[in-house]
Amino acid sequence: MAENNNFTHLPLPFIFQGKPKLRGGSITSEQTMQNRTNRVTHGGYVKRRSAELSRFWKERRVERIDQELPPIETGIPILLEIDPSVDIDFLRGLGFEIVCELAEGYIIVATEDVDFSVLNEKTDAFIANVTAKCNSPAKVYALCEDEDRLRSVLSEELYKKWSTILMDDIYLIDIGVSCCGNIELPKRPQRKDHESDEHYLTREQRWIENFNTAYMAWDEIKMQREETIEKFVYAYNGEIVELTDGIPGITDLPDSFSARLKISGKCLFDLVLTFAYIFEVSEGEKIEMGKASENKCSFGEDVQIDEPLESAPIVCIMDSGIQEAHKYLAPSIINTDSISLLPDDLSTNDETTGGGHGTRVAGAVLYPKEIPTVGNYQLPCWIRNMRILDRDNCLPEEIYPPRVIEFAVQKYNKDASIPTKIFNHSIGSHKACKMKHMTPWAAEIDYQSYSNDVLFIQAGGNISTDVISAYWQAGYPYPLYFDREFCRISNPAQSLQAITVGSISSTDFETDDVIALGKRMEISSFSRSGPGIWDVLKPEVVEYGGTHLYNKGSLPPQLTTSPEVCPKLIRKSPEGPAFARDAIGTSFSTPKVTFIASQIQRVLPESPALLYRALIAQSARWPKSIDEMEKDECISTLRHIGYGIPDVERATHNDEYRITLVTPKLMEIGDDEAHIFQIPIPEELSSIGEDYDILVEITLSYAANPRRTRRYVKGYLSTWLDWRCSRIGEDAETFARRIFETGAVIDDDGDFNWALGEATNRGAAEGYSRKNGTLQKDWCVIKSNQLSDAFCVAVRGHKGWGGLFKAKYSLAVSFEAINQDVAIYEPIKEEIESFVENREIEVEMNSK
């Protein structure tokens, strides 16, 4: 550990690893069983629909030839409804390439076989009940109309205007294209009973070779389809949008690529109707961050601002640029690394009127609490300035957001002599995020976070006053409107790997005429709420970003701001004061969490960014104890503020009443693997007569390789993880047997009253589960005599889409005497040192 003090975080003792016993399994659906029973009827339906679709696509191809449309290499797309409980890979055996998974039970597939010969052959065998393995057609419930496919592929907004698209008009379009072909990644071989190490390693090595071969084939298909799209777009005189340095506006993930196109309506129609491998089409959204009002106030200050320590962390601000010469910011800016990606403006200065945006964001990183006016102040970190918003505080359409994420990581992390680990991203859509697929923007954040040691701190987004007013008039005043659809977190805040930040109010301000919307430590009027995609907890944390004032009794509601409800922020000068309380938003709560991340990096510079994320969540607290809240309040608290307000001191240090144990280095775990950690508990805490109230907090932060064409966490990630802890009174060996041999079950949670719990029907917040996301925190208060002498936590790996890609993770465990009536830190530290020393001696003796 980097800092030399008495209360640093300590390393978690790692004691066991092995293959976990995992329970579960799907049950054959009733509809599938009925189809097996009624073979002739169901098989006849499948053959009839396949014949109708075959005629439809043959006629469409003839029409394209007659209209002399550009040639395009493609199969035919079909929307299927299938048994939602089965592994969708069975479709490959019916002659289909899986393009993407949609809502439960619906799949878009493609086939080069316009006659459906493989499907018909399999269906004939199913009707005749030839073998026990001929039942795959029973799992295909419907072959849907192409109009249904269009409704699934097009965004809701684009589908509504589809009939009004003009052939000669130009449209800015974002597309997603699947690239897996009909190639299935091989599954990891299971070790057989009594199989020798040598024999199993030989089989595993063969699997690795076959996996890599199949994965490389995906890449070849991807390049072919990128070339096909490029030729097709150019044939219609369209273009693929490019960044300023000429990099094409295409981003790649393992199973797909995304692109931003500028094409005619005629090209758009032909592409969507014809190209079989498209799974997502939407209009390119204009990203507008809004402006602050002018401020002409002025005041004096006499303060000396000192540059950060040479070893201080380097944070990248991706925003509207920064006023780099600003007295309060200049000593922190690494000017030689500043860059603008704007097509027609290479200036890295913040040109946004009303005091700037990126300047305020940078200031909130450097001055998260107070802005000094006298004395000396040493800046906490260095700043790299990446300008991507124009003078109107908008992201130009020539800049494709996923490519910006990729470019930023390449320049400031992979290619930099001193890599940046922390990226502040106070940018996002003004609309609620979509729930169908992870967007290219969010998926790119996930991919870069998995592939590189980086952490994106992401703003949750702001609800516009127009939306607030509309909901209020419809009968949803504050805080009821937060649960409505248009108030959900915005894109890309649904990213599984970014830590998403919301906003809370810092004041109880009220007069005879106005009142702050949200009392102190309650959700800000504008802060978007969760959950995110796939019921993942979002935002994870909140900070003070201000709120609106409400004119009492006004309808429609009149929302205003004043210095009393705004955070103090650095602002662009000399058009106004050097800092002021004149702007609100999650854009400004987010950098305060970025500051905490930078201070974690300061004390743990060699630790992975995944640990920084874990410790931010680990340090977060709700405004009041969960014991004081009803279930409905717990649920709304989770939706609005996630794990709560993080604290820089708890994130970086402990005290005599609190101890935090962490995995200081990056851990990796594959599917069907488990790691067990043990915290030895001193007798003075765990003995029967002791009943101190102990707060237990556990946070797992992990990353895995994402795959956009699949839905839900288990299909989106290459490997997904969860954690379990030991029961009351359970020793390490018994816990290990339960994890590796008998299998842990949900009821194991019953020993502790967890806030969230492992299942959605457990914990104080019904409907939420801690295991949905890649940041899994849970906490409870127990009596010290409920701690066994060896408290254990297991991290378990589960099958996702790609077993060769192991998940990377960090784990943090904390104990705190909440009444400060018993010292914890030193006794547990001594037990750990003794435990580690004894295990080292044991290992040494065994090696002899």
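Further up the page is the structure itself.
Just so you know, these numbers come straight off a predicted model, no measurement behind them.

(A) Main features of the side chain of Thr-507. Mapped onto the secondary structure, Thr-507 falls in the loop between strand E21 (499-504) and strand E22 (514-516). For Thr-507, the contacting residues outside a window of four places in its chain are Ala-516, Gly-518, Lys-519, Arg-520, Glu-564 and Val-565.

(B) Representation of the sheet that holds strand E17 (residues 382-387) within the structure. Taking strand neighbours across the sheet as the criterion, the 7 strands line up as E15-E17-E14-E19-E20-E21-E23 in an open arrangement whose pairing is parallel. Strand pairing shows two members of the sheet lacking a second neighbour, strand E15 (339-340) and strand E23 (541-544), which therefore form its edges. Here 3 bridges tie strand E14 (residues 314-319) to strand E19 (residues 422-425), and the two strands are oriented parallel to one another. Bridge pairing in E19 places Val-315 opposite Ile-422. Lying on the sheet, helix H9 (residues 401-414) is in contact with E14, E15, E17, E19 and strand E20 (455-459); it crosses E17 at an angle near 145°. Sheet strands touched by helix H12 (residues 586-603): E14, E19, E20, E21 and E23. Its angle to E20, the strand with the most contacts, is close to 160°.

(C) Structural detail: the packing of helix H2 (residues 39-66) against helix H3 (residues 117-128). As a packed pair, H2 and H3 sit with axes 9 Å apart at the nearest point and diverge in direction by 165°. Comparing their axes, H3 and H2 come out roughly antiparallel. When the axes of H2 and H3 are compared, the crossing they make is left-handed. Contact with H2, carried on its side by Arg-39, Val-40, His-42, Gly-43, Gly-44, Val-46, Lys-47 and Ser-50, involves Leu-119, Asn-120, Thr-123, Asp-124, Phe-126 and Ile-127 of H3 and no other residues of that element. Its residues placed into classes, the contact of H2 with H3 shows 5 nonpolar, 6 polar and 3 charged.

(D) Focus on the packing of aromatic side chains. All told, the structure shown has 32 aromatic pairs when counted by the stated rule. On the basis of an interplanar angle of 65° and a centroid distance of 5.7 Å, the ring pair of Trp-207 and Phe-211 is categorised as edge-to-face. Highlighted residues: Trp-207 and Phe-211, both in helix H6 (residues 197-235), separated by 4 residues, approximately one helical turn. Accessibility assignment for this pair places Trp-207 and Phe-211 in one class, buried. Ring geometry for Tyr-481 versus Phe-482: centroids 4.5 Å apart, planes at 40°, classification tilted. An aromatic cluster of at least three residues, connected via ring pairs, comprises Trp-207, Phe-211, Tyr-215, Trp-218, Trp-801 and Phe-805. Geometry around Trp-57 places Arg-60 over its ring, the cationic atom sitting 4.8 Å from the centre.

The rules behind these values
- Residues numbered from 1 in each chain as written.
- Predicted model: local features only at pLDDT ≥ 70, side-chain atom pairs only at ≥ 80, totals over all residues.
- Heavy atoms only, no water.
- Helix = DSSP H or I, 4+ residues; strand = E, 2+ residues; numbered from the N terminus.
- Contact = heavy atoms within 4.5 Å.
- Pairing = 2+ DSSP bridges.
- Axes fitted to C-alpha atoms, helices over the stretch in contact; angles between N-to-C directions.
- Parallel < 35°, antiparallel > 145°, perpendicular 65-115°, else oblique.
- Left-handed = near helix turned anticlockwise from the far one by under 90°.
- Nonpolar A, V, L, I, M, F, W, Y, C, P; charged D, E, K, R; others polar.
- Phe/Tyr/Trp six-rings, centres within 6.5 Å; stacked < 30°, edge-to-face > 60°.
- Buried < 20%, exposed > 50% of the residue type's maximum accessible area, 1.4 Å probe, protein only.
- Lys NZ or Arg CZ within 6 Å of the ring centre and 35° of its normal.

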